[in-house]
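# Coordinate analysis (summary)
Letter by letter, the chains look like this.
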Amino acid sequence: MKTLIIGAHGKVGQRIAKLMQASNDFEPTAFIRKEEQKPLFEKMKVPTVVESLENTPEALEKVIKNYDAVVFTAGSGGSTGADKTMEIDLDGAIKTIHAASQTGVKRYVMVGASHSDDRSFWGKVEGMKPYYIAKHYADKELQRSDLDFTILRPVTLTDADEAGNVMMSTDPEKVNSKIPRQAVAETVLEVLNNKNTFGKIIEMSSGEDSIPQALHKIIT
């Protein structure tokens, strides 16, 4: 599966790229926004495409049309301000959703945020409300699309090297407070080729099941 990882230079994106490069099931390409980010992926032997989510829909269509699947794990980061969050996490995401639809790329996996449908939660962490708003409406646009989508909604991310065991639910109140980025990356690979995850929104945290076990529980 030729997969375009949008946001590949981020902490989750890098993990996805490494896992895909080591797998026989995927041909990853890293969507990055700066030339100086290339060497990291050259060391991984992962091809890159340099483009910006701030570019036109037509420019993004030209990139996305070459792939079987899109993984969106991009974000503006916590220090860029609300305007950049709206431009990248919302408008950038929506442009890639439309570009995938326009070019016939049916498979789309979104790395979202737990509780993004719960407006009462958005203001609980100072400065995070624009992020949750962006994630909420980007996910809504994906749900309205004709794409074979899966939305993964992890809780607070950690940098633990091991994925560990996880919990997956359709109810954000049932998940815990943290999850390793490695677990999210491994789950992306697990769901991409799994048709039973099409149309699913999966809240994720650390838990008691392996990733395959947790997925099996939620899709059966």
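In this report, the structure presented in the accompanying data block is examined.

Basis of the calculations
- Residues numbered from 1 in each chain as written.
- Predicted model: local features only at pLDDT ≥ 70, side-chain atom pairs only at ≥ 80, totals over all residues.
- Heavy atoms only, no water.
- Helix = DSSP H or I, 4+ residues; strand = E, 2+ residues; numbered from the N terminus.
- Rg over C-alpha atoms; globule rule 2.2 N^0.38 Å.
- Buried < 20%, exposed > 50% of the residue type's maximum accessible area, 1.4 Å probe, protein only.
- Contact = heavy atoms within 4.5 Å.
- Areas by Shrake-Rupley, 256 points an atom, 1.4 Å probe, with all protein chains shown as cover.
- Lys, Arg positive; Asp, Glu negative; His and termini not counted.
- Charge placed at Lys NZ, Arg CZ, Asp CG, Glu CD.
- Core = buried A, V, L, I, M, F, W, Y, C linked by side-chain atoms within 4.5 Å.
- Pairing = 2+ DSSP bridges.
- Axes fitted to C-alpha atoms, helices over the stretch in contact; angles between N-to-C directions.
- Salt bridge = Lys/Arg side-chain N within 4 Å of Asp/Glu carboxyl O.
- 1 Å grid on protein atoms, 1.4 Å probe; cavity = no way out; pocket = protein on both sides within 12 Å on 5 of 7 lines; lining within 4 Å.
- Points joined across faces, edges and corners; volume = space filled by probe spheres on them.
- Nonpolar A, V, L, I, M, F, W, Y, C, P; charged D, E, K, R; others polar.

Right, let's talk about the overall build of the chain for a bit. Counting secondary structure elements, the chain contains eight helices and ten strands. Radius of gyration (C-alpha) of the chain: 16 Å, near the 17 Å computed for a compact globule of 220 residues. Dimensions of the chain, computed from the C-alpha atoms along their principal axes, are close to 40 × 40 × 35 Å. Taking all 220 residues of the chain together, the buried fraction comes to 50%. A fraction of 67% describes how many contacts in the chain between residues 6 or more apart in sequence connect residues 24 or more apart. On the chain, roughly 10,500 Å² of surface is accessible, and the fraction owed to carbon and sulfur atoms is 46%. Averaging the locations of the 28 positively and 31 negatively charged side chains of the chain gives two centres separated by 0 Å.

The next subject is the nonpolar core. Ranked by internal contacts, the top residues of the largest apolar core, which has 37 residues, are Ile 16, Met 20, Phe 41, Met 168, Val 188 and Leu 192. Per element, the largest residue contribution to this core is seven residues, and it comes from helix H7 (residues 181-192). With near-sequence residues (within four places) excluded, Val 188 lies in contact with Ile 16, Val 71, Val 109, Val 111 and Leu 152. Ile 6, Leu 90, Ala 134 and Leu 147 belong to the second-largest nonpolar core, a separate cluster that totals 28 residues.

To continue, consider the sheet that holds strand E8 (residues 166-169). Strand-to-strand pairing in sheets goes through backbone hydrogen bonds, with the strands running parallel or antiparallel. The strand order across the open sheet formed by eight strands is E3-E2-E1-E4-E5-E6-E10-E8, and the pairing between neighbours is mixed. Among the strands making up the open sheet, the edge pair consists of strand E3 (48-50) and E8. Mean inter-strand twist for the sheet, computed between neighbouring axes without regard to direction, equals 20°. With four bridges connecting them, strand E1 (residues 2-6) and strand E4 (residues 69-72) associate as parallel partners. When the sheet's bridge partners are listed, Leu 4 is paired in E4 with Val 70. Here helix H1 (residues 11-21) sits on the sheet in contact with E1, strand E2 (27-32) and E4, set at roughly 165° to E1. Sheet contacts for H7: E1, E4, strand E5 (107-111), strand E6 (148-154), E8 and strand E10 (200-206); angle to E5, the most-contacted strand, approximately 160°.

Our focus in this paragraph is the pattern of salt bridges. All chains considered together, the criterion is met by twelve salt bridges. Notably, a salt bridge pairs Arg 144 with Glu 141, separated by 2.7 Å at the nearest N-O pair. With Arg 144 and Glu 141 both in helix H6 (residues 129-144), this residue pair falls three residues apart, about one helical turn. The class for Arg 144 is exposed, based on a relative accessible area of 60%.

Owing to its 3.6 residues per turn, the α-helix aligns residues three or four sequence positions apart on the same side. When we look at burial in H1, the residues that qualify are Val 12, Gly 13, Arg 15, Ile 16, Ala 17 and Met 20. Buried residues in H1 make contact with E1, E2, helix H2 (38-44), E4, strand E7 (156-158) and H7.

Moving on: the layout of surface pockets. In this structure, the largest pocket spans a volume of roughly 1,400 Å³. In this structure, the largest pocket is lined by 50 residues; those nearest its centre are Ala 74, Gly 75, Ser 76, Gly 77 and Tyr 131. When contributions to the lining of the largest pocket are tallied by element, the ones reaching two or more residues are H1, E2, helix H4 (82-103), H6 and E7. Ranked by residue count, the leading element in the lining of the largest pocket is H4, at five residues. Looking at the lining of the largest pocket residue by residue, the class counts come to 20 nonpolar, 21 polar and nine charged.

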